[in-house]
Structures are given as C-alpha cells and as structure tokens.
Amino acid sequence: MENIVLIGMPGSGKSTVGVLLAKALGYSFVDTDLIISRMAGKPLQKILDQDGLGEFLKLEEKTGKELRCESTVIATGGSMVMSDSAMKNLKVSGRVVFIDVPLSEIKHRVTNIKTRGIAFDKGETLDDVYVKRYPLYKKYSDITVEFSSGSIENTIELIIEKLGIK
C-alpha cells in the first residue's frame, strides 16, 4: 500500500487531517516537522531563529529526500514543496494530496506567524508565502481537496474518495 503525502500552507490542517486519515485507513502517521525538530534537538522556530532559514530548508530537504516508509500518511511542512528533490522522493512512494485552503482562512487560523516555525524570509508576509508556494502545491499534487466549511471528517472522506480507496 502506498503512502499518502499531505501538502499545503501552514494552518491548512495537514497534521490534524493526517492523524485522523491514518486512523481511518489503518496507516501509520509521520509529521516531517516533528522529524526535523527531533533531528535538530529544538523546536522549528528555534531552528529558524538560531540557525536561519537556509539551515531549516536544508534539514527539511534532507528529511523529505531520506524518508522511507509505506502505508503511511505523511504530513509535510508547508515549505517542503520548495525542494524538488524532496518532493520527487515523496512522490515515488505515494500520492500527494494538496489541502487547498483559501488565504483568508489561513490568515484566520495562523495567528502566531512569528512563533509557529513557518519558513519565510525576513519581511515576507503570509500573503507572500502563499503566492510563492501555491503554484508549487499545484505542481506536485496528484489530487487537490478544497477546504470547505465542512468538518475535518468531510475532508477525510473527500481524500479517501478522490484517492479511490475502499
């Protein structure tokens, strides 16, 4: 059984949906942000503050390139799509699902942009990050599930339906 790789903006619900999707399918669950944090021995925001964006992106790319698992739902960090080699590796072992949440909803959900561990350049806004990454989410996704005001359960059902999993 192949992996399911979740991509999308910070605040799109990848980790929350991922855990519940894994339970629904009897899959394992991996959050690449947790792997990066464990590898560095510190939270994501401390990596960004102390080591810089470049180091963070190197750790994220390494994680994406080296991750090996099967029958796993993988929640990626929002910036994983910025590494072509990481995304190519993730696509080899599974299908990529873009959880597409409108920017207005992302802004509503992400109120702690300075402390959440979001990879962005100094002076960039959430709008800038969205504009830069949106085409990459579309490029790497096999399917897109658009956020609706429905429940998380609806999102999970949509993913299962679009992937054709029984």
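The rules we used
The residue count restarts for each chain, going from 1 along the sequence in the order it is written. Only residues with pLDDT of at least 70 are given local features in this predicted model, and only at 80 or more are side-chain atom pairs given and counted; all residues enter the totals for whole chains, interfaces and linings. Excluded from the side-chain calculations are hydrogens and water; all other atoms, namely the structure's heavy atoms, are used. In this scheme, a residue with accessible area under 20% of its type's maximum is buried, one over 50% is exposed, and one in between is partly exposed, where area comes from a 1.4 Å probe on protein chains only. Every helix listed is a DSSP run of H or I at least four residues long, and every strand listed is a run of E at least two residues long, numbered separately from the N terminus. Strand pairing requires that DSSP identify at least two bridges connecting the strands. Nonpolar cores are built from buried Ala, Val, Leu, Ile, Met, Phe, Trp, Tyr and Cys residues. Side-chain atoms within 4.5 Å join them into one set. All axes here are fitted lines through C-alpha atoms, helices being fitted over the stretch that makes contact, and every angle between N-to-C directions spans 0 to 180 degrees. If an angle is under 35 degrees, it is roughly parallel; if it is over 145, roughly antiparallel; if it lies from 65 to 115, roughly perpendicular; otherwise it is oblique. By the convention used here, residues are in contact when the closest approach between their heavy atoms is within 4.5 Å. Criterion for a salt bridge: a side-chain nitrogen of Lys or Arg within 4 Å of a carboxyl oxygen of Asp or Glu.

Participant: What should I look at first to understand the pairing of strand E1 (residues 3-7) in this one?
Facilitator: The two faces of a sheet get side chains in turn, since along a regular strand they alternate between them. Counting buried positions along E1 yields five of five residues, so the element is predominantly enclosed. As paired elements, E1 and strand E4 (residues 94-100) share five bridges and run parallel to each other. For Val5, the partnering residue across the bridge sits in E4 and is Val96. For E1 and strand E3 (residues 72-75), the ladder comprises three bridges, and the chain directions are parallel. Looking across to E3, one finds that Val5 is bridged to Ile74.

Participant: Even after reading the chapter, I still don't get the nonpolar core, so can you show me in this structure?
Facilitator: As a rule of thumb, soluble globular proteins bury nonpolar side chains together. Among the nonpolar cores identified, the biggest contains 41 residues, and Ile4, Leu6, Ile7, Leu21, Met87, Val97 and Ile159 are the most heavily contacted of them. Here this core gets five residues from one element, more than from any other, and that element is helix H7 (residues 126-140). Residues Leu44, Leu48, Phe56 and Ala119 belong to the second largest nonpolar core, which totals seven residues.

Participant: Explain the packing of helix H3 (residues 44-51) against helix H4 (residues 53-66) here, please?
Facilitator: Helices that pack against each other are described as a pair by the angle of their axes relative to one another and the distance between those axes. H4 packs onto H3 with a crossing angle of 135 degrees between their chain directions and a minimal axis gap of 7 Å. Considering the angle they form, H3 stands oblique to H4. Residues Leu44, Ile47, Leu48 and Asp51 of H3 pack against Leu53, Glu55, Phe56 and Leu59 of H4.

Participant: What should I look at first to understand the pattern of salt bridges in this one?
Facilitator: Between side chains of opposite charge, a pair can form when the charged atoms approach closely. Across all of its chains, the model carries eight salt bridges by this definition. Of the charged contacts, one joins Arg109 and Glu105 as a salt bridge, the two residues approaching to 3.0 Å between their closest N and O atoms. Of this pair, Arg109 and Glu105 both sit in helix H6 (residues 103-109), separated by four residues, roughly a single helical turn. Given a relative accessible area of 22%, Glu105 falls into the partly exposed group. Close ionic contact of Glu124 with Lys132 constitutes a salt bridge, the shortest N to O distance being 2.8 Å.

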